[in-house]
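# Coordinate inspection notes
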Amino acid sequence: MADLDGLKVAHDYHVDTPFAIDGSFHVKGAGNLDWGMKKHLSNIFNPVSGNTVMFAFDHGYFMGSVSGLERLDLLIQTLSPHVDVLMATRGALRTSVRPDCKKAVALRISSGSSMLNEDLSHEVIAVNIEDAIRMNADCVAVQTFIGADGQLESIDNLSHAINAAMRYSIPTLGVVAVGKNMERTPKYFKLATRIIAELGANMVKTYYCENFDEVVAACPVPIVVAGGKKLPENEALTMAYQAISQGAHGLDMGRNIFQSLHPVQMADAIGKIVHEKYTDKEAFEYFTEQINKK
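Residues numbered from 1 in each chain as written. Predicted model: local features only at pLDDT ≥ 70, side-chain atom pairs only at ≥ 80, totals over all residues. Heavy atoms only, no water.

## A short note on unusual backbone geometry
- Look at Asn136: it is not a glycine, yet its phi comes out positive at around 55°.
- Position of Asn136 among the secondary structure elements: in the loop between helix H5 (129-134) and strand E6 (139-144). (Helix = DSSP H or I, 4+ residues; strand = E, 2+ residues; numbered from the N terminus.)

## A look at the layout of surface pockets
- Each pocket or cavity is described by its volume, and for the second largest pocket that value is around 630 Å³.
- If you go around the second largest pocket, you meet 29 residues; those closest to its centre are Pro18, Phe19, Val216, Gly247 and His249.
- Those elements that provide at least two residues to the lining of the second largest pocket are helix H8 (212-218), helix H9 (233-245) and helix H11 (263-276).
- Looking at the lining of the second largest pocket, its residues break down into 13 nonpolar, 11 polar and 5 charged. (1 Å grid on protein atoms, 1.4 Å probe; cavity = no way out; pocket = protein on both sides within 12 Å on 5 of 7 lines; lining within 4 Å. Points joined across faces, edges and corners; volume = space filled by probe spheres on them. Nonpolar A, V, L, I, M, F, W, Y, C, P; charged D, E, K, R; others polar.)

## What to know about the packing of aromatic side chains
- Enumeration over the complete set of coordinates arrives at 7 aromatic pairs.
- Taken together, Phe55, Phe57 and Phe258 form an aromatic cluster joined through their ring pairs.
- Directly above the ring of Phe25 sits Lys38, whose terminal nitrogen or CZ lies 5.2 Å from the centroid. (Phe/Tyr/Trp six-rings, centres within 6.5 Å; stacked < 30°, edge-to-face > 60°. Lys NZ or Arg CZ within 6 Å of the ring centre and 35° of its normal.)

## Some thoughts on the sheet that holds E6
- Here 8 strands make up a closed barrel; going around it, the order is E1-E2-E3-E6-E7-E8-E9-E10 and the pairing parallel. Each adjacent strand pair in this sheet contributes to an overall mean axis angle of 25°, direction not counted.
- With 3 bridges connecting them, strand E7 (residues 172-176) and strand E8 (residues 203-206) associate as parallel partners. Bridge pairing in E8 links Leu173 to Met203. (Pairing = 2+ DSSP bridges. Axes fitted to C-alpha atoms, helices over the stretch in contact; angles between N-to-C directions.)

## Overview of the packing of H9 against helix H12 (residues 280-293)
- Following both chains from N to C, one finds H9 and H12 inclined at 140°, their axes separated by 8 Å at the closest point. With respect to H12, the axis of H9 lies oblique. For the crossing formed where H9 meets H12, the hand is right-handed. Contact residues: Glu233, Asn234, Leu237, Thr238 and Tyr241 in H9; Asp280, Ala283, Phe284 and Phe287 in H12.
- A per-class count over the contact of H9 with H12 returns 5 nonpolar, 2 polar and 2 charged. (Parallel < 35°, antiparallel > 145°, perpendicular 65-115°, else oblique. Left-handed = near helix turned anticlockwise from the far one by under 90°. Contact = heavy atoms within 4.5 Å.)

## Quick notes on the confidence of the model for the chain
- For the chain, the average pLDDT comes to 90, and 91% of its residues sit at 70 or higher.
- When the elements of the chain are averaged for pLDDT, helix H2 (residues 60-63) gives the smallest value, 68, and helix H1 (residues 35-44) the largest, 98. (pLDDT = per-residue confidence, 0-100.)

## Things to note about the pattern of salt bridges
- Summed over the entire model, instances satisfying the criterion amount to 11 salt bridges.
- Note that Arg71 is salt-bridged to Asp73, the shortest N-O span being 2.7 Å.
- In this structure, Lys230 engages Glu233 in a salt bridge whose closest nitrogen and oxygen atoms are separated by 3.6 Å.
- A relative accessible area of 17% means that Glu233 is categorised as buried.
- Each of Arg90, Arg94, Asp131 and Arg134 takes part in one network of salt bridges that share partners. (Salt bridge = Lys/Arg side-chain N within 4 Å of Asp/Glu carboxyl O. Buried < 20%, exposed > 50% of the residue type's maximum accessible area, 1.4 Å probe, protein only.)

## A short note on the environment of Gly228
- You can see Gly228 is positioned in the loop between strand E9 (223-226) and H9.
- Looking at Gly228, the relative accessible area reads 18%, which means it is buried.
- Considered as a pair, Gly228 and Ala148 are 80 residues apart in the sequence and their alpha carbons are 19 Å apart.
- Contact partners of Gly228, with chain neighbours within four places excluded, come to Tyr207, Arg255 and Asn256.

## Some words on the packing of H11 against H12
- Orientation of H11 relative to H12, taken along the N-to-C sense of each, is 150°, at an axis distance of 9 Å. The pairing of H11 with H12 is recorded here as roughly antiparallel in orientation. Where H11 crosses over H12, the handedness of that crossing is right-handed. Note on element contacts: H12 touches H11 through Asp280, Ala283, Tyr286, Phe287, Gln290 and Ile291, opposite Gln265, Met266, Asp268, Ala269, Lys272 and Ile273.
- Along the lines of polarity and charge, the residues of the contact of H11 with H12 split into 7 nonpolar, 2 polar and 3 charged.

As structure tokens, then:
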């Protein structure tokens, strides 16, 4: 129910107060989960920093051959040592990632229309939980449209995925979808991330915005920030630093790594911010130094 006129209570996010229910476990909101869930989450989130560097290359499921992702078999062998998690489709994993790769896997299990169809909001669950288990996925990822056409189908997809994955102690990553007509405001991201977490997702992928510390504080599971469209490297590193310093527990960089002229050095610079508390200026200096060493 909406607040009655004159009785609205001001929000208080307690942004300076750490999450209270973690106990001794390093992943936000996971202190009460079982051993299997914690094991998968520990594969994703570094036990020392509590954070993660994801590398998303699942764009082909709706965009086809993306610039920078033409040869996954070559790219992934080069970049996988420099990230913590590979976020991909099952087709890309089975064809283009070596099975002896030790990195955690975030398996994209939702799918929908291609870029030839402007309406991307009506997705379906395309991968069942048995195949996720066969692929030893550390989490399953589901695109979630909140406040848009297709919202009910999207929530249904997410709920079914959470229910299935929970039976086998596999975490779920809810991915906040932002279509071209959807707002990118703190109000929207607070709404979307909280709904996804309340439905039972163990982590949420979303975008950085103003008042991001409030978005983080209101979400009881870790938030991983999506890199979005390709930015100049210094701007991407500034966004990464702001997100981590305001409470994000990871960066999921795709295009800002694989479309960089220096993808390995960019991945390493992101890692310095995420795991070693580098500032954006320090990370950019590191990035430049590594390029000059080539």
